[in-house]
Number of protein chains: 2
Amino acid sequence: MTGKKIRVKGPATVSNLSCGFDVIGLALDEPFDIVDIELTDTGKVVIDDIRCSKTLSRDPEKNVVGAVLKAASALGGSRAGFRVSIDKGIRPGSGIGSSGASSAAAAFGANLLLGEIFTPAEMVRLAMEGERLASGSAHADNVAPALLGGITLVRSYDPLDIIELHVPPELFCVVIHPETEIKTSVARGLLDREVSLTTAVKQWGNLAGLVAGLFREDYDLIGRSLIDFVAEPKRSVLIKGFDQLKKTALECGALGAGISGSGPSVYALCRGRDSAVAVMKGMSGAMKSLGIRFDAYMSAVNRSGTQVC
Amino acid sequence: MTGKKIRVKGPATVSNLSCGFDVIGLALDEPFDIVDIELTDTGKVVIDDIRCSKTLSRDPEKNVVGAVLKAASALGGSRAGFRVSIDKGIRPGSGIGSSGASSAAAAFGANLLLGEIFTPAEMVRLAMEGERLASGSAHADNVAPALLGGITLVRSYDPLDIIELHVPPELFCVVIHPETEIKTSVARGLLDREVSLTTAVKQWGNLAGLVAGLFREDYDLIGRSLIDFVAEPKRSVLIKGFDQLKKTALECGALGAGISGSGPSVYALCRGRDSAVAVMKGMSGAMKSLGIRFDAYMSAVNRSGTQVC
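Residues numbered from 1 in each chain as written. Chains lettered and ligands numbered in written order. Predicted model: local features only at pLDDT ≥ 70, side-chain atom pairs only at ≥ 80, totals over all residues.

1. A few points about the overall build of chain A
And step 1. Along chain A, the regular secondary structure elements total 10 helices and 12 strands.
And step 2. Taken against the 2.2 N^0.38 rule, which gives 19 Å for 309 residues, the C-alpha radius of gyration of chain A at 19 Å falls within 12% of a compact globule.
And step 3. Projecting the C-alpha coordinates of chain A onto the three principal axes gives extents of approximately 55 × 40 × 35 Å.
And step 4. Counting across all 309 residues of chain A, residues that qualify as buried make up 57%.
And step 5. Taking all contacts inside chain A whose residues are at least 6 apart in sequence as the whole, residues at least 24 apart take part in 74%. (Helix = DSSP H or I, 4+ residues; strand = E, 2+ residues; numbered from the N terminus. Rg over C-alpha atoms; globule rule 2.2 N^0.38 Å. Buried ≥ 20, exposed ≤ 12 C-beta atoms within 10 Å, placed from the backbone. Contact = placed C-beta atoms within 7 Å.)

2. Brief notes about the sheet that holds strand E11 (residues 294–300) of chain B
Residues and elements named next belong to chain B.
And step 1. The strand order across the open sheet built from 4 strands is E9-E10-E7-E11, with neighbouring strands paired in antiparallel fashion. Every other strand in the sheet has two partners, leaving strand E9 (256–259) and E11 as the edge strands with one partner each. Put simply, the sheet's adjacent strands are angled 15° from each other on average, direction ignored.
And step 2. Looking at chain direction, strand E7 (residues 171–178) and strand E10 (residues 266–271) are connected through 6 bridges and run antiparallel. Each bridged residue has a counterpart across the sheet, and for Ile176 the counterpart in E10 is Val266. (Pairing = 2+ DSSP bridges. Axes fitted to C-alpha atoms, helices over the stretch in contact; angles between N-to-C directions.)

3. Let's talk about the interface of chain B and chain A
Accessible area lost on assembly of the parts is the figure often given for the size of an interface.
And step 1. Facing the 33 residues of chain B at the interface are 33 residues of chain A.
And step 2. For the side of chain B that touches chain A, the secondary structure elements donating two or more residues are strand E5 (151–157), strand E6 (160–165), strand E8 (194–196), helix H6 (197–216) and helix H7 (219–225) of chain B.
And step 3. Looking at the side of chain B that touches chain A element by element, the count peaks at 13 residues for H6 of chain B.
And step 4. Split into classes, the residues belonging to the side of chain B that touches chain A amount to 18 nonpolar, 8 polar and 7 charged.
And step 5. Across 3 bridges, the pairing between strand E8 (residues 194–196) of chain A and E8 of chain B is antiparallel. Considered in E8 of chain B, the bridge of Val195 of chain A is made with Val195 of chain B. (Nonpolar A, V, L, I, M, F, W, Y, C, P; charged D, E, K, R; others polar.)

4. Topic: the nonpolar core
And step 1. The biggest cluster of nonpolar side chains holds 210 residues, and the ones touching the most others in it are Val68 and Val174 of chain A together with Val68 and Val174 of chain B.
And step 2. The contacts of Val174 of chain A, once residues within four sequence positions are left out, are Tyr267, Ala268, Cys270, Ala276, Val279, Met280, Met283 and Met298 of chain A. (Core = buried A, V, L, I, M, F, W, Y, C linked by C-beta atoms within 7 Å.)

5. Structural notes on the relation of the copies chain B and chain A
And step 1. With an RMSD of 0.0 Å, chain B superimposes on chain A once it is rotated by 180° and translated 0.0 Å along the axis. Put plainly, the chains are arranged around a two-fold axis.
And step 2. Here 100% of the interface residues in chain B have copies in chain A that are interface residues too; the copies meet face to matching face. (Least-squares fit on C-alpha atoms with pLDDT ≥ 70 in both.)

6. A word on the pairing of strand E2 (residues 24–40) of chain A
Residue and element names in this part refer to chain A.
And step 1. As judged from the 10 bridges shared by strand E1 (residues 5–15) and E2, these two strands associate in the antiparallel manner. In the strand pairing of E2, Arg7 is matched with Asp36.
And step 2. Pairing of E2 with strand E5 (residues 151–157) involves 3 bridges; the strand directions are antiparallel. By the bridge assignment for E5, Gly25 is matched with Thr152.
And step 3. Examined bridge by bridge, E2 and strand E4 (residues 81–87) share 7 bridges and lie antiparallel to one another. Pairing of Thr40 across the sheet is with Gly81, part of E4.

7. Focus: the sheet that holds strand E7 (residues 171–178) of chain A
All names here are of chain A.
And step 1. Overall, antiparallel pairing links the 4 strands, which are arranged E9-E10-E7-E11 in an open sheet. Strand pairing shows two members of the sheet lacking a second neighbour, strand E9 (256–259) and strand E11 (294–300), which therefore form its edges. With direction set aside, neighbouring strand axes in the sheet form an average angle of 15°.
And step 2. Of the pairings in the sheet, the one linking E7 to E11 comprises 7 bridges and is antiparallel in character. When the bridges of E11 are listed, Cys173 appears paired with Ser299.
And step 3. Here helix H10 (residues 273–290) sits on the sheet in contact with E7, strand E10 (266–271) and E11, set at roughly 15° to E7.

8. Remarks on the packing of helix H1 (residues 64–75) of chain B against helix H3 (residues 120–135) of chain B
Residue and element names in this part refer to chain B.
And step 1. Running from N to C, H1 and H3 point in directions that differ by 140°, and their axes come no closer than 8 Å. Classed by the angle they form, the pair H1 and H3 counts as oblique. With respect to the hand of their crossing, H1 and H3 are arranged in right-handed fashion. Judged by residue contacts, Val64, Val65, Ala67, Val68, Ala71, Ala72 and Leu75 of H1 engage Leu126, Ala127, Glu129, Gly130, Leu133 and Ala134 from H3.
And step 2. When its residues are assigned to classes, the contact of H1 with H3 shows 11 nonpolar, 1 polar and 1 charged. (Parallel < 35°, antiparallel > 145°, perpendicular 65-115°, else oblique. Left-handed = near helix turned anticlockwise from the far one by under 90°.)

So, in structure tokens, the structure goes:
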């Protein structure tokens, strides 16, 4: 099948959702990365082109798509090679799973080109190799929802256990991405390595409330549960205007709001499209008042995950 | 309505369910406490009799039922008094919500006798006054399921927010209660005040998995999630034969097993009555081999909570 080409779309994701630090992720309809992959017999990965990003390396050893495709070839026991070009719809360092989206697209594409030899769980593991390269930690809270769609829980890494949660039909997400970059490693360095048991109990009470709210389609409960006692108090200082932005989101009717991933993007969950439009308008106004350049996205929860396009 | 009498049954409860430390509780059909309450116009609480317990005080200032009834009278703005007798089906210090069952029965009974003036949430708050007297902390993880039935989550104390979780129809619970007593305060003293963020993330990943498993009626997921990284490693040393008991439960087909509340009782969740019977038999055999006296209970999840009987 050498010479076969496919085009794959990997969606952006909002990880954590406030109370679900390191375990919860939600897939967005937009923005997304597009990765074109061609199967070759060279045994090598070649990245021809990266559009819309000047910072990412074309060296496959230093690019998440390269890392995933190399792992796929090795795991598949094949001598397959790949030629790739990447269209970065998601800016690196945005906090909405830029590396995860490319990694998911690469894992999904490799699986198709190699004859669908991997299970969904194996594709998640492959995509985690991209995250390992990007952040030093092979985490799944972005690549799992990017691949599978919906809202996912990483229950455990050992063994890897990804749980797909119920997505209430009226759930929408707004993302404001300020034009600054926060390295995941810097944001992670701000966190205390220990938390008080009291704080941990409050955090997992809210996470359990969020999961119950999703399954019950109880939007008020979802909103009440979107509280983060662990990361937001430490990380929000990195995001200029965070408090104002969150306050505005809630005043405009958002169920809840917080930092997306390790930031600087700020997410808000809303009930219904009209509410999401109002919240995006309000949050955009707040950013303009603060004089900060930004991108704004409004999206239903993406239910299909990574797909051929 | 002075002179009106009622008899109320408050069920035992298993709190924590391993990963849900301090927030999750499950109501059992048995054992239970029975509290007979008569409304008087004396403005005082009198405890006439306590059956099946030699350790509990009849002084209403030192008895959880007295604490709850006094609070009910005060909160109801009434000059009501109560005469009470208590039949302790649940041994104090057992780890299956002995104080919670009596407190729930008192709160439920007072509400009926005073003309149903309290909401369910207010009854939970009243019953928490019993827990405050018993353990020094007005916690809700036993009284909430005792009052409401089913499996409950204490999402938050400030404000109090109790969430009723879905109960899968085939869920059964086995409880082995060794004839020793562990004071909640002693068990609590064993816990570290701080936990590593890594451990906390593992714990809340499992709790989120448990909640998802309950709603999805996914018994395997429920079982995989019943892991406690926080309390069990510290507290299980207080329970002679704990490791053997848990191992036996799992070998006999339990979904999962762990410490009930702060112990010494050990619970196991099972899928179906037949499995629960086999698990109870196996765990009872292990206790006999260890030469430890015990009581054993097998119960469906109690769905009605505290009731008049």
